[in-house]
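# Per-entry structural report
Here are the chains, one letter per residue:
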Amino acid sequence: MGLFDRVSRLIRANVNDLVNKAEDPEKILEQSIIDMQEDLVQMRQAVARAISAQQKIQQQYNKAQSEANLWQQRAQLALQKGDESLAREALNRKKVQAEAATALKGQLDQQVGMVDQLRRNLIALEGKISEAKTKKDMLKARAQAAKANEQLQGALSSMNTGSAMSAFERMEEKVLEMEARSTAALELSGVSLEQQFASLEAGSDVDDELAAMKAQMLGGSSTPAGALPASNAAPATEAKDAAIDAELEALRRQLNDTK
């Protein structure tokens, strides 16, 4: 294979590849319909010219046939009048017109066949164009759908879906973590309040008990409601209790002084 052939084949391959890539089905379909309509116009013009030629040949044939008949009648008239030479001349003219009519009849038959063929071709082309127009709309819709699907697939393939989903999941975990911290802080705040109120309630119980003991001391031997019953403890226990009572009395006075 020569260098020229290889270069020629390479150029044709590249050109064909560029043409294939540049072809848009919708535009090619539209252009194809336009081309077929132009062919239809040319076909109609050809049929019109053929019909015109047929009519012209028909007129020439009719005229030649009429002339032949006319000279036939003249030949008969001249013969009846006894002018044989004139009748002979009329027959010669008749022969010329008859031969012309015969030749024209062959051309006319050929032209009629051509016109019929052109008309059949015209009807077939009109049918193809009508069918092509119907298919064009369907093919354009299919081409648009295929193009849209291709663009969608390209967009989906270009998107970093895995990274986006990972980021979404991380943010979801972060929100859950924030909610957990908020709930824990709320629970801790609630425990602290409970503890504070429990401490206050405990302090109130101690104060009530001290007040009851104070009333018992001031009341002597009388036992207030809710007080502990008297016990038969040993003298050492009574001394210890007296010391505690003295200490409580001191605490009571201290509390009274601070008020």
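Residues numbered from 1 in each chain as written. Predicted model: local features only at pLDDT ≥ 70, side-chain atom pairs only at ≥ 80, totals over all residues. Heavy atoms only, no water.

### What about the environment of Lys 95?
Along the chain, Lys 95 turns up in helix α3 (residues 84-158). According to the relative accessible area criterion, Lys 95 is exposed, its value standing at 53%. Between the C-alpha atoms of Lys 95 and Glu 67, which are 28 residues apart in sequence, the distance is 9.8 Å. (Helix = DSSP H or I, 4+ residues; strand = E, 2+ residues; numbered from the N terminus. Buried < 20%, exposed > 50% of the residue type's maximum accessible area, 1.4 Å probe, protein only.)

### Looking at the environment of Ala 78
For Ala 78, the location among the structural elements is in helix α2 (residues 25-80). By relative accessible area, which is 5% here, Ala 78 ends up buried. With 11 residues separating them in the primary sequence, Ala 78 and Glu 89 have C-alpha atoms 9.6 Å apart. Beyond its immediate chain neighbours, meaning those up to four positions away, Ala 78 contacts Asp 83, Leu 86 and Ala 87. (Contact = heavy atoms within 4.5 Å.)

### Points about the nonpolar core
Leu 40, Val 47, Ala 50, Val 115, Leu 118, Leu 122, Leu 125 and Ile 129 form the largest nonpolar core, which has 8 residues in total. When residues of this core are traced back to their parent elements, those giving at least two are α2 and α3. In contact with Val 115, other than residues within four places in its own chain, are Ala 50, Ile 51 and Gln 54. Core analysis: the next-biggest nonpolar cluster, separate from the first, contains 6 residues, Ile 57, Tyr 61, Ala 101 and Leu 108 among them. (Core = buried A, V, L, I, M, F, W, Y, C linked by side-chain atoms within 4.5 Å.)

These figures come from the coordinates and say nothing about function on their own.
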